[in-house]
Amino acid sequence: MTNIRSLLRATIPVLCIATAAHGAAPAPLRYTVNLKDRADTLFKVSLRVDRLTAANAIFQFAATAPGTYQIMDIGRFVRSFHAYDAGGKEISTARVATNQWRLSAPTRVREIRYTMAPTWTTTVTENQVYLMCGSSLSEDHSLLNGQAVFGMPKGMQSTPISVQLLAPTDWKVATSLKKSGGRYLADDYDQLVDSPILAGRLTFSRLNVTGVPVDIAVYSAHDQINADQLRDAMRDMLSAAGEFLGKLPVDHYMFLYYFEARGQGAWEHSYGSEYSLPERPYTPQYGKQITDIAAHEFFHVVTPLNLHSEIVEHFNFETPVPSRHLWLYEGSTEWAAHKMQLESGLKPATEYLAMLVQKMNTDRAGYDTTWSLTKLSLTSYSDSGQKQYPNIYQRGALVAGLLDIKLLELSHGERGLRDLIQDLSKQFGKKRAFRDDSLISIIIARTEPAIGEFINSYIRDAQHLPIKEYYAKLGITLIEDEKGKPLRFEVDPNPTQEQLKLRTAWLGKRGKLVS
Ligand SMILES: [Zn+2]
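Residues numbered from 1 in each chain as written. Predicted model: local features only at pLDDT ≥ 70, side-chain atom pairs only at ≥ 80, totals over all residues. Heavy atoms only, no water.

Asks: Is there a simple way to explain the pattern of salt bridges in this structure?
Replies: Pairing between side chains of opposite charge can happen when their charged atoms approach one another. Following the criterion strictly, the structure yields 31 salt bridges and no others. Among the salt bridges present, the one from K339 reaches D404, with a minimum N-O distance of 3.1 Å. Highlighted residues: K339 in helix α7 (residues 326–343) and D404 in helix α11 (residues 395–410), separated in sequence by 65 residues. With its nearest N and O atoms 4.0 Å apart, the salt bridge here joins D423 to R446. Of this pair, D423 sits in helix α12 (residues 417–427) while R446 sits in helix α13 (residues 439–446); the two residues are 23 residues apart in sequence, bridging distant segments of the chain. (Salt bridge = Lys/Arg side-chain N within 4 Å of Asp/Glu carboxyl O. Helix = DSSP H or I, 4+ residues; strand = E, 2+ residues; numbered from the N terminus.)

Listed below in C-alpha cells is the structure:
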C-alpha cells in the first residue's frame, strides 16, 4: 500500500490468500449487488444461502483488510440488515457488535439483504477508511472493494463466492475476477477482498510484460486522464520490473485507476493494484509520479503477496492481528521500486541518491526515530502506531537499501537483497507461509551471523542508521550540515578498486551514475 499523504510530504510514501477447502465443495455464497438503483446512494446487497448451521449464526463485516494496516470497522456503514426464510418470511436478527449481526434461526435463513453506505461519502468520527480501500457509488461509476461491500456468515471465509452486478447497460466493469454465466467468481472471501471492482465510465488499455497480459482501467471524473496515457507512462517501468524479477509470479495483472478531486494512495492485490489519485490534466511529469507509485504496488507481487507469514495467509477479518515484518512487506518493496529503476538505467544514481536524502530528512523530521521498524509494525493498528506507520516507506526503504549493500559486501558483490528475497520466495510462496516468529532465523541461516546483528540493530532496534558508512563502501559520500542534517550525496570520481567493485555490483547491469 502507498499513502500519498506521506508521499506529498516527502517523495513516495497497503492481500489475502485462500484457505484450504474440506470435503464436498460447499454451496457458493451467491451475492447480488444492485448498482442500477442509486437514488439513495446505498449499495443494495442480497445474499442467497442454504444449509447455514448454528456455527454461521453470526454475520461478520470486516474490521480490517490485508495490506492496509488500518481499522475499518465496515459494520459502521450498514444501514439496514434483514434475513428471510425460503418463503420470504422475515427471520429476526440483532446487531451484537460493531461488525456483527446475529441470525436468530440460521438454519432457516435462505436470503440476507442489507444496504450499505459508501465509505467515500459517509463521514465517520474515527478510522476513516482509506479512499483506495473503500467504496463509492455515484451517477457514472462505482468502486467496490470487497470488504467494504460484502459481509459473510462467520465460519464461511473459505466458501466459494459468486457475485452478480446489476449495472447500467452503458457501464463497463474492470476486475481481476473471472466471469462465468454472468457472475464474477471468487475461490473464497479472501479472494473477493483481493479483487476490487471498478465499474462505470472507464477507459481501458493493455500491454504485455514478460509474456503476462497487463490491463489498465481508468475512471477519470472529468476525462483528464485515460488508460493509454498511463500505459505509455508505465511501459518502461513495467519491463524493467519484469527484468528485475526475471519472471512475474502472476499470469495476469490489472491496474485500476480512479481519478477525482481527492486522492489518497494505492493498495496492492495478488493480481492487481488500485489507485485513488487527484485528477489533474495529464502531463508526462504527473505520469512519472504515478509510475513511481505503480512501481511500488507492482512490486508487492513479490511480498507480501508471494512471500508472507501465516498472519497474512489466514487473514483475520474479525480482529486485526499485526505482523512483525512490515520492514519486508513495505520497506523492501519501496526500496525495490526505486532500485530496479536504477539498475535498469531508467533513473541515474544521482536521482536515486537524491530520493534517499529526501527519505532521510522525512524520517528525521517527521517521525519518532526511537521507534524500531518492528515496533512500528506491531503497533500499526493502534492510534500511536498509525501516526508512525508512514515512516515504513522512509526508514523501511533506507534500511532495505543498507541491507542490500551489506549482503553485496558479504558476498563480494554476488548476492544482494533481491537475491535473498527471490530465494525466500522460492522457499515459500503464495500458499506456503513462513512463521511470523521464525523469518529472521531463516534469513540468518541463509546468510551470515553479521546479518543477524544488522537486523537486531536496525529492524528490531532503532539504532542510528550507518548510511554514511555504508555508502562510503561504494565510494559515495554523504554530505551533512553542521547539525548532521543530510544535504546530498557526492559520488567519488576516483574510487578504490574495492569501492568500484562493490559500486558496480550495486548499480546492476544497466545502472548509470548520471543521466
Ligand atoms: Zn506498499
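After that view of the structure, there is still more to cover.
Asks: Is there a simple way to explain the confidence of the model for the protein chain in this structure?
Replies: Low pLDDT means the predicted coordinates in that region are not meant to be read closely. Taken over all residues, the pLDDT of the protein chain has a mean of 93, while the share at 70 or more is 96%. Here residues 5–22 scores under 50 on pLDDT; set against residues more than four positions off or in separate chains, the count is 77 contacts. (pLDDT = per-residue confidence, 0-100. Contact = heavy atoms within 4.5 Å.)

Asks: I tried to follow the domain arrangement of the protein chain on my own but got confused; where do I start?
Replies: Bring the parts together and some accessible area is lost; that lost area is often taken as the interface size. Split by domain assignment, the protein chain resolves into domain 1 (2–201) and domain 2 (302–515). A separation of 35 Å is found between the C-alpha centroids of domain 1 and domain 2. (Domains from an automatic or database assignment.)

Asks: What am I meant to see in the pairing of strand β10 (residues 135–138) here?
Replies: Note on strand geometry: in a regular strand, side chains alternate between the two faces of the sheet. In terms of strand pairing, β10 meets strand β11 (residues 141–144) through 4 bridges, oriented antiparallel. Residue pairing for β11: S136 is matched across the bridge by L143. In this antiparallel pair of consecutive strands, β10 and β11, the connection spans 2 residues. (Pairing = 2+ DSSP bridges.)

Asks: What is the right way to read the nonpolar core from this model?
Replies: Side chains of nonpolar character tend, in soluble globular proteins, to be buried together. Within the largest apolar cluster, 150 residues are counted, with the highest numbers of intra-cluster contacts made by F255, Y257, Y471 and W506. In this structure, this core is formed jointly by two domains, domain 1 (2–201) and domain 2 (302–515), each of which donates at least three residues. Apart from residues lying up to four places away in sequence, F255 is in contact with V214, D215, I216, A217, M234, L238, S273, Y275, A294 and F298. Counting residues in each nonpolar core, the second largest holds 11 residues, with A174, M254, L256 and Y258 among its members. (Core = buried A, V, L, I, M, F, W, Y, C linked by side-chain atoms within 4.5 Å. Buried < 20%, exposed > 50% of the residue type's maximum accessible area, 1.4 Å probe, protein only.)

Asks: Is there a simple way to explain the environment of S138 in this structure?
Replies: With respect to the helices and strands, the residue S138 is situated in strand β10. Here the alpha-carbon distance between S138 and P118, two residues 20 residues apart in the chain, equals 9.5 Å. If sequence neighbours within four positions are ignored, S138 has contacts with R38 and W171.

Asks: Just to check I follow, could you spell out the side chain of S457 for this structure?
Replies: Looking at the element boundaries, S457 is found in helix α14 (residues 449–460). Not counting residues within four places of it along the chain, the set of residues in contact with S457 comprises A462 and Q463.

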